[in-house]
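Chain residues, written in single-letter form:
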Amino acid sequence: MAELKDVKGIGPKSLSLLNKININTIEDLVTHYPFRYDVLKRDDLSTIEDGGKIIIDGKVESIPILMRFKAGLNKMNFRLVTQSGVVGVSIFNRAFLKSKLLVGTDVIVIGKLDKGKNVITASDIKLDVLSNQVKIEPVYHCTSGLTNKNMSTYINMALLMYGREIQDYIPSEYQEKYHFVNKKTALNIIHNPSTNEKLKEVTIRLKYEELFQFMLKINYLKQQNKKEKNGLIRNIDREKLNKFIESIPFTLTNDQKIACDEVIGDLESPHRMNRLLQGDVGSGKTIVAFIGMYANSLCGYQSALMAPTEILATQHYNNLCEFMKDTDVKIALLTGSTSKKEKTEIYNGLEDGSISIVIGTHALIQDEVTYNNLGLVITDEQHRFGVHQRANLQNKGIKPDVLYMSATPIPRTYALTIFGDMDVSTIKERPKGRQKIDTYVKKVSEIKDVLEMMYEELKQNHQIYVIAPLIEESENSDLTTVNELKDQMKLAFKDKYKIDIVHGKMASGAKELIMEQFKNNEVQILISTTVVEVGVDVQNATTMVIFDADRFGLSTLHQLRGRVGRGTSKSQCILISDSDTERLKIMEKEDDGFVISEEDFKLRGQGDLFGTKQSGDMSFKIASIKHDYKILLQAKKDSKEYLENKETDKDSLKQLIIQSITKVN
Ligand code: ADP
Ligand code: MG
């Protein structure tokens, strides 16, 4: 297949801009779907009120007169003949259009109508007039330097040059069954719809394709899991295990005990473990994983624990080392920033079996990593990982048991579709001594109250997280940034308290250092983007302040709030926003993650499900699990039928999809 740079019109500069928004292949480009459509409907001069917005087409009747002002400003005037009469048009700063606006040229003018003067002050003039009355214009997520028009041009050029080669993931029998148009046609229509009906039709087709592909992978994984009845059988030394559990500085809750028994039961049974451990934030899932890994190591097998961020992996590693300091289990931490030398040592240790437990990020599933006898694979915050990544790690072992941990941001009904075949352990009970986290929604103008609340906590030697959506100023946004907050907080608290920043773009060494300082209470106020969203555990932090809270989904807010209230002190969460307060108020009342994720699903419009990049399994480009649940169920049924149909075994499409799951990376 050709590459992105082969598409006519895409030069090195536009290539790097496209890469910046995660478009790396021709397939990425042509499936960069519009997140909305603007409908340009032609108006009539007589129906528009004075000062009203107008979109009208006509012919240029007079040679445009150009006036230049100081500071490079200019203005152009001409007359336009439309079906409903002649009107004057003036437009600012489009001198470059003069040569194109010849007398007799067809144009669409978009602007505001001054009825008295009979003049449209135009905001835009379009030269590519279509003959039909309505134009549906796709609007794309772009980036600075790359306009909507560029995006549309590149996509259409790619479709023209390589449209036929784009892989179609719907098997022909289902194409026929549902009378779907082929992929190329569907893509052409979604990027250049002529009518709403056609747009709807191909949208369903593309959603079905995406969900079919997704469910086929899931069903394939399930099928593989079922086939392998003969998992590892272990005899666990109960005495040693109990001794370890007793050495833990707290008593397990009942739910934790039950979950541990279930995990241990799986390890001992000949069935392969395929278990989801779910529990709200702060319910204490990690210790269950640790106990499982220790039990596994007692039987001489290796364990791998994969976390979605380096901060979290490092934290797990530090905790586990502490818990296991009296044992002789060898533990390693492997992340993207592990030095080359250390990496080689760890690779060797994993290959010869001298390392029993490895904790890390995606680094655990790289090609170079070979395990000696991987017996247990655990993924933390599993919703953050894709099917591929999970499959890759499983494929590294012979027949490892698999435990997925999740704070379940997915409502039960949907989770059952996707994880239908798994055993589930649930931790409902919270550790003893936990108090409810008080949540307040505050307006920006109430910032003084917020600072006072913060000050009260600081005086009690407690620590605070402050979250902002952005790292640095961006041109087209007035969202709060972490840098800006740092200055503000410094001003408010003088030099009494140490304030520092972490964010996703920092080098990982620097990130770790600051997290470590925060953990040791050398930093009192930690200002951050959502990198602290998952998993981070600092018990002395009692206050979470979130700026521009309306920018975040409720589940994310719940995760962020879960960073406090981890010790026995009363904790609070303050959500600052002037808009969307109704939605945010749900957080004041509700502290059950399951309920919150249901609410989140109910509230999210189609709009922000398009285009927003969600992580892991839920990252669909066009489909949405909530809105397209019916299509999902159909795709689930069809993909299962297709997978079980032996006649399709030699089907190249089936091979292709299966390869994409089993291939490492
Ligand atoms: P999550 O389920 O969100 O991953 P963690 O496993 O990080 O939660 O646990 C949250 C905090 O609660 C940790 O500091 C952990 O040590 C502590 N914890 C876990 N179980 C208990 C318990 N039974 N009693 C007291 N504290 C506990
Ligand atoms: Mg956790």
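Before reading further, recall that the structure is shown in the block above.
What counts as what
- Residues numbered from 1 in each chain as written.
- Chains lettered and ligands numbered in written order.
- Predicted model: local features only at pLDDT ≥ 70, side-chain atom pairs only at ≥ 80, totals over all residues.
- Heavy atoms only, no water.
- Salt bridge = Lys/Arg side-chain N within 4 Å of Asp/Glu carboxyl O.
- Helix = DSSP H or I, 4+ residues; strand = E, 2+ residues; numbered from the N terminus.
- Buried < 20%, exposed > 50% of the residue type's maximum accessible area, 1.4 Å probe, protein only.
- Pairing = 2+ DSSP bridges.
- Right-handed = clockwise from strand over helix to strand, strands pointing away.
- Axes fitted to C-alpha atoms, helices over the stretch in contact; angles between N-to-C directions.
- Contact = heavy atoms within 4.5 Å.
- Parallel < 35°, antiparallel > 145°, perpendicular 65-115°, else oblique.
- Left-handed = near helix turned anticlockwise from the far one by under 90°.
- Near = heavy atom within 4 Å.
- Polar contact = N/O pair within 3.5 Å; in protein donor to acceptor, adjacent residues only side chain to side chain.
- Areas by Shrake-Rupley, 256 points an atom, 1.4 Å probe, with all protein chains shown as cover.
- 1 Å grid on protein atoms, 1.4 Å probe; cavity = no way out; pocket = protein on both sides within 12 Å on 5 of 7 lines; lining within 4 Å.
- Sits in = over half its atoms within 2 Å of the grid points.
- Domains from an automatic or database assignment.
- Patch = residues over 30% accessible without salt bridge, like charges linked within 9 Å, V, L, I, M, F, W, Y side chains within 5 Å.

Chemist: Help me understand the pattern of salt bridges in this model?
Modeler: Once their charged atoms are close, side chains differing in charge can pair, the charge on each being opposite to the other. A complete count under the given rule lists 25 salt bridges for this structure. Salt-bridge contacts for arginine 205 lead to glutamate 209; the nearest nitrogen and oxygen are separated by 2.9 Å. One end of the pair, arginine 205, and the other, glutamate 209, are both in helix α6 (residues 196–227), 4 residues apart, so they sit about a helical turn from each other. Each member of the pair arginine 205 and glutamate 209 is classed as buried. A salt bridge links lysine 570 to aspartate 438, with the shortest nitrogen-to-oxygen separation between them at 3.5 Å. Here lysine 570 is found in the loop between α17 (554–561) and β21 (572–576), whereas its partner aspartate 438 is found in strand β16 (residues 438–442), with 132 residues between them in sequence. Look at lysine 570 and you get partly exposed, because its relative accessible area is 36%. The class for aspartate 438 is partly exposed, based on a relative accessible area of 27%.

Chemist: I'm lost on the pairing of strand β20 (residues 541–546) in this one. Help?
Modeler: As a general feature of sheets, a regular strand has side chains that alternate between the two faces. Burial within β20 is extensive, with 6 of its 6 residues counted as buried. Pairing analysis gives 5 bridges linking strand β17 (residues 463–467) to β20, with the strands arranged parallel. Considered in β20, the bridge of tyrosine 465 is made with methionine 544. Here β20 pairs with β21 via 4 bridges, running parallel. Within β21, the residue paired with threonine 543 across the bridge is glutamine 572. Crossover β20 to β21 through α17 is right-handed.

Chemist: What is the right way to read the sheet that holds β20 from this model?
Modeler: The strands that make up a sheet pair up through hydrogen bonds in the backbone, lying either parallel or antiparallel. With parallel pairing, the 6 strands of this open sheet are ordered in space as β16-β21-β20-β17-β19-β18. Pairing within the sheet leaves two strands with one partner each, and these edge strands are β16 and β18 (499–502). Adjacent strand axes in the sheet meet at a mean angle of 20° when their direction is disregarded. Two elements, β17 and strand β19 (residues 525–528), share 4 bridges in a ladder whose sense is parallel. Bridged to valine 466 within β19 is isoleucine 527. On the sheet, α17 packs against β16, β17, β20 and β21 and is oriented at approximately 150° with respect to β20. Taken strand by strand, helix α18 (residues 581–589) contacts β16 and β21, and its axis lies near 165° from that of β16.

Chemist: Is there a simple way to think about the packing of helix α8 (residues 254–268) against helix α9 (residues 286–298) in this case?
Modeler: To describe two helices that pack against each other, one gives the angle between their axes and the distance between the axes. Where α8 contacts α9, the axes come no closer than 10 Å and their chain directions differ by 30°. Taken together, the axes of α8 and α9 are roughly parallel relative to one another. Classified by chirality, the crossing of α9 by α8 is right-handed. Where α8 approaches α9, its residues Gln256, Ala259, Cys260, Val263, Ile264 and Leu267 are matched on the opposing element by Ile287, Val288, Ile291, Gly292, Ala295 and Asn296.

Chemist: Explanation requested: the site of ligand 1 in the structure shown.
Modeler: Around ligand 1, the structure places 17 residues, and the nearest of them are Gly282, Thr286, Arg434, Asp537 and Gln539. The contact in question runs from an oxygen atom of ligand 1 to an N or O atom on the side chain of arginine 566, over 3.1 Å. Surface burial for ligand 1 is 88%, taken as the share of its 570 Å² of free accessible area covered by protein chains. In a pocket analysis with a 2 Å cut-off to the grid points, ligand 1 is assigned to the second largest pocket. Residue-level mapping places the shell around ligand 1 at the junction of two domains, with at least three residues from each of domain 3 (238–427) and domain 4 (438–590).

Chemist: Just to check I follow, could you spell out a nonpolar patch on the surface for this structure?
Modeler: Residues Phe69, Leu73 and Phe92 make up a contiguous nonpolar surface patch of roughly 280 Å² in combined accessible area. Structurally, phenylalanine 69 can be placed in the loop between β3 (65–68) and β4 (74–82). A relative accessible area of 40% means that phenylalanine 69 is categorised as partly exposed.

Just distances and angles here, no functional claims.
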